[in-house]
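Inside the fold
As a plain string of letters, each chain reads:
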Amino acid sequence: MTQRPIIALDFPSKVEVEAFLEKFPKDEALFVKVGMELFYQEGPEIVRWLKELGHSVFLDLKLHDIPNTVEKAMTGLAKLGVDITNVHAAGGKRMMAAAKAGLIKGTKPGGNVPVLIAVTQLTSTSEAEMHQDQLIDVPLKESVLHYAKCAEQAGLDGVVCSALEAELIHQKTSETFVCLTPGIRPSGSEVGDQKRVVTPSDARKIGSTYIVVGRPITQANTPYEAYKSIKNEWNGEQ
Ligand code: C5P
């Protein structure tokens, strides 16, 4: 089955999103990521609107609170019909399990429960920062893998991870465990502030289940062409 790269809609408001989506054919069903920037400006309505347009939505809000609060929040997010959403693994297994329970509660009978993934260590966190700020005294990779295993034990579907971690996580978790990876750049494109990037085809080889792509599509002169090219590379059709 053809897989769609997830386009990060890193825009400050709906107006910019509308202008961006106009560059795509109306009947092209996309998979988009709504993050904090857009959600905190436009609220749940932005998700309802994108779903009505026929797009799939990854709502990237990285919840981290007490289990009861996260469970109730997730029930509400499931009602919006999101396709993927996430929590911080640092919230613990009880919190992650509560998140999953909340999603199940909020899903309409017969509907698909949203895919729930965990953020392990943010890719902006260096090993030194993790040692100093979190007092975690193991190598960063070990902490990432530990969080991935906790997520799996709590019944989550997968993790957000750098493609460079996906290979290890893939080896140490079940076959179906999802690795969703940002930091993707087609060969020859601008890297921007991302440090550890891989190409769409390498992400596929390493074992990424989903890739998230922002600026290589949103800032392209012809976003639809950029999208198609990345999609083809991701699907091994180039
Ligand atoms: O523009 P670019 O392709 O770098 O965008 C990547 C998207 O993925 C952004 O929305 C960024 O916030 C998100 N992300 C990331 N690294 C993570 C988690 C999320 O780049 N570890």
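What counts and how
- Residues numbered from 1 in each chain as written.
- Predicted model: local features only at pLDDT ≥ 70, side-chain atom pairs only at ≥ 80, totals over all residues.
- Heavy atoms only, no water.
- Helix = DSSP H or I, 4+ residues; strand = E, 2+ residues; numbered from the N terminus.
- Rg over C-alpha atoms; globule rule 2.2 N^0.38 Å.
- Buried < 20%, exposed > 50% of the residue type's maximum accessible area, 1.4 Å probe, protein only.
- Contact = heavy atoms within 4.5 Å.
- Near = heavy atom within 4 Å.
- Polar contact = N/O pair within 3.5 Å; in protein donor to acceptor, adjacent residues only side chain to side chain.
- Areas by Shrake-Rupley, 256 points an atom, 1.4 Å probe, with all protein chains shown as cover.
- Pairing = 2+ DSSP bridges.
- Axes fitted to C-alpha atoms, helices over the stretch in contact; angles between N-to-C directions.
- Parallel < 35°, antiparallel > 145°, perpendicular 65-115°, else oblique.
- Left-handed = near helix turned anticlockwise from the far one by under 90°.
- Nonpolar A, V, L, I, M, F, W, Y, C, P; charged D, E, K, R; others polar.
- Salt bridge = Lys/Arg side-chain N within 4 Å of Asp/Glu carboxyl O.

**As for the overall build of the protein**
Regarding its fold elements, the protein presents 11 helices and eight strands. Computed over its C-alpha atoms, the radius of gyration of the protein comes to 17 Å, within 12% of the 18 Å expected for a compact globule of 238 residues. Summarising its shape, the C-alpha atoms of the protein cover approximately 45 × 40 × 35 Å along the three principal directions. Counting the 238 residues in the protein, one finds 50% classified as buried. For the protein, contacts bridging at least 24 residues in sequence account for 65% of all contacts bridging at least 6.

**Here's the deal with the site of the ligand**
Surveying the vicinity of the ligand reveals 12 residues, the closest of which are D10, T123, R185, G214 and R215. In this structure, an oxygen atom belonging to the ligand sits 2.8 Å away from a main-chain N or O atom of G214. For the ligand, whose accessible area on its own is 460 Å², the fraction buried by protein is 82%. Sorting the residues of the shell around the ligand by element identifies β8 (210–213) and α10 (215–218) as the ones contributing at least two each.

**Description of the sheet that holds β8**
An order of β1-β2-β3-β4-β5-β6-β7-β8 is seen for the eight strands of this closed barrel, with the pairing classed as parallel. Ignoring strand direction, the axes of neighbouring strands in this sheet form an average angle of 25°. As paired elements, strand β4 (residues 84–88) and strand β5 (residues 115–119) share five bridges and run parallel to each other. Note on β5: the bridge partner recorded for T85 is L116.

**Thoughts on the packing of helix α7 (residues 140–153) against helix α8 (residues 163–172)**
Closest axis-to-axis distance for the α7/α8 pair is 10 Å, and the angle between their directions is 50°. As summarised for this structure, α7 and α8 are arranged oblique, according to the angle between their axes. In this structure, α7 meets α8 at a crossing whose hand is right-handed. Every residue of α8 that contacts α7 at K141, V144, L145, A148 and K149 is listed here: L164, E165, L168, I169 and K172. Across the contact of α7 with α8, the residue classes tally to six nonpolar, no polar and four charged.

**Focus: the pattern of salt bridges**
Under the criterion given, the structure shown has nine salt bridges. Salt-bridge contacts for K105 lead to E71; the nearest nitrogen and oxygen are separated by 2.4 Å. Of this pair, K105 sits in helix α5 (residues 93–106) while E71 sits in helix α4 (residues 67–79); the two residues are 34 residues apart in sequence, bridging distant segments of the chain. Among the residues examined, K105 registers a relative accessible area of 58% and is labelled exposed. Among the ionic pairs, K100 bridges to D157, the shortest N-O distance being 3.3 Å. Of this pair, K100 sits in helix α5 while D157 sits in the loop between α7 and β6 (158–160), and the two are 57 residues apart along the sequence. With a relative accessible area of 18%, K100 lands in the buried category.

**Side note on unusual backbone geometry**
For K62, which is not glycine, the phi dihedral falls at a positive 50°. Relative to the helices and strands, K62 resides in strand β3 (residues 56–63). Even without being a glycine, L135 presents a positive backbone phi close to 55°. Counting through the fold element by element, L135 comes out in the loop between α6 (127–134) and α7.

Shape descriptors only; they carry no functional weight alone.
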